[in-house]
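Commentary on secondary and tertiary structure
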Amino acid sequence: MKKILFAVFAVLAVAIFAVLIGLRESGDGLSVDGKKLTIVASLFPQYDFARQIAGDRATVVLLLPPGVESHTFDPKPADMTKIYDADLFIYTGKYMEPWTERVIAGAKDGGAKNLLVVDASEGVALTEDEHGHEGEEGHHHEYDPHIWLDPTLAMKMARNIADALCEKDPANEEYYRANAANYEKELEKLDADIFAAVKAGKRDTLVFGGRFAYLYFLKHFGLRYVTAYDSCSTEAEPSVRDVARVIDYVREHHIPCVYHEEFVDPKIARSIAEQTGASLELFSTVHNVTKDELERGVTFIELMRGNLARIEKGLN
């Protein structure tokens, strides 16, 4: 009887081992050292890019709390610990998140020996901020950092993230490259659809009544713009003269929509809309999402397609 039980246990052990090996070879979501990678991303675009490319091989965490405006964010000690405990930290670039210089310095001083820091904007030629501004605690944009609103630059960010994943976890490179290639096709489709909408539009100018962070998008798609604000600063307010100029333009050209950004009270855009009869429309900068959106798994593509639907109203 004992021999029979021993034989049964031996067969089960072999079977279980074979199943584990099979899972390992077929992609069980584990990295080369037997655990998932942990990725911390500063803003929503690179958070979602990392999710799409890493798939089940990583746990991706968004550092920016849902509903928080990125320009006012400054990491707390708990946020720094979260970063240093991760395998990868992905940020947009020093012009978007100047606080990352402290993170990088701390990592180099031994705070995070295993951390790979990834500048998602590497290789992207930034456009000088046409209206350089300074906001809270010296938050200054010498160059406009909102590169992800141009789908072709979002592709470059995604490639940088894919390269970093392959560097950190070379055993799963084929998996990451395949996901990155598929995701790039989605971004290419988004890019083509926006170009088609612009080409079909009766107008080529959009009007903004909120803080302005859309330069890469507008230049890429060949659109003109009129804006009450001259930057994305959370401190600067437009003058009465600037607002009056926008109101006159909307009335004169029968502009159907006035756009504003997310997570702020669109008081100036609302005032322009009320005085001109134009509709008030959201144009998401996609830098962050609400708690509900994050929990339901909203994607960058989904948010950008929402923008597409709303700019079609403004172009027609």
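Because the structure is a prediction, the values reported are computed rather than measured.

Rules used in this analysis
- Residues numbered from 1 in each chain as written.
- Predicted model: local features only at pLDDT ≥ 70, side-chain atom pairs only at ≥ 80, totals over all residues.
- Heavy atoms only, no water.
- Buried < 20%, exposed > 50% of the residue type's maximum accessible area, 1.4 Å probe, protein only.
- Helix = DSSP H or I, 4+ residues; strand = E, 2+ residues; numbered from the N terminus.
- Arc of directions from axis to C-beta.
- pLDDT = per-residue confidence, 0-100.
- Contact = heavy atoms within 4.5 Å.
- Phe/Tyr/Trp six-rings, centres within 6.5 Å; stacked < 30°, edge-to-face > 60°.
- Pairing = 2+ DSSP bridges.
- Right-handed = clockwise from strand over helix to strand, strands pointing away.
- Axes fitted to C-alpha atoms, helices over the stretch in contact; angles between N-to-C directions.
- Core = buried A, V, L, I, M, F, W, Y, C linked by side-chain atoms within 4.5 Å.
- Expected span 1.5 Å × (residues − 1).

Let us look at helix α3 (residues 77–84). Residues of α3 that are buried include every one of D79, M80, I83 and Y84, and no others. When α3 is viewed along its axis, its buried side chains cluster within an angular range of 135 degrees and face the same direction.

Let's shift gears to the confidence of the model for the protein chain. Here the protein chain averages 85 in pLDDT, and 82% of its residues register 70 or above. Taken as a whole, residues 1–27 scores under 50 in pLDDT and shows eight contacts with residues more than four places along the chain or in a different chain. Counted against residues more than four places away or in other chains, residues 132–140, with its pLDDT under 50, gives 24 contacts.

This part is about the packing of aromatic side chains. Counted by the stated rule, this structure contains 18 aromatic pairs. Measuring from centroid to centroid gives 5.8 Å for F49 and Y183, while their planes differ by 55 degrees, and the two rings are tilted. With F49 in helix α2 (residues 44–54) and Y183 in helix α6 (residues 173–200), this residue pair connects regions lying 134 residues apart in the sequence. We note that F49, like Y183, is buried. When the centroid spacing of 5.0 Å and the interplanar angle of 75 degrees are considered together, the rings of F49 and F300 count as edge-to-face. You can see F49 sitting in helix α2 and its partner F300 sitting in helix α11 (residues 300–315), a full 251 residues away along the chain.

It is worth spelling out the pairing of strand β7 (residues 205–208) at this point. Neither face of β7 is exposed, since T205 and V207 on one face and L206 and F208 on the opposite face are all buried. Bridge analysis of β7 against strand β8 (residues 224–227) gives four bridges, and the strand direction is parallel. By the bridge assignment for β8, F208 is matched with T227. Where the polypeptide runs from β7 across helix α7 (residues 215–220) and back to β8, its parallel neighbour, the crossover connection is right-handed.

Attention now goes to the sheet that holds strand β4 (residues 116–119). Spatial strand order, β2-β1-β3-β4: four strands in an open sheet with parallel pairing. The strands lining the two open edges of the sheet, one partner per strand, are β2 (58–62) and β4. Taken pair by pair, the neighbouring strands of this sheet meet at an average axis angle of 20 degrees, ignoring direction. Judged from the three bridges that link them, strand β1 (residues 37–41) and strand β3 (residues 88–91) form a sheet pairing that is parallel.

A few words now on the nonpolar core. One finds F217 and F300 to be the most contacted residues of the largest nonpolar core, which totals 79 residues. Among the elements that make up this core, the one with the highest residue count is helix α5 (residues 151–168) (ten residues). In contact with F217, not counting residues within four places along its chain, are L149, I194, L223, F283, M304 and I311. Of all hydrophobic cores here, the second largest spans 14 residues; its members include Y229, V258, A269 and A278.

Okay, α11 next. Spanning 16 residues, α11 covers 22 Å between terminal C-alpha atoms, matching the ideal 22 Å at 1.5 Å per step. Among all positions in α11, only F300, I301, L303, M304, N307, L308, I311, G314 and L315 are buried. Buried residues along α11 cover an arc of 155 degrees about the axis, so they all sit on one side.

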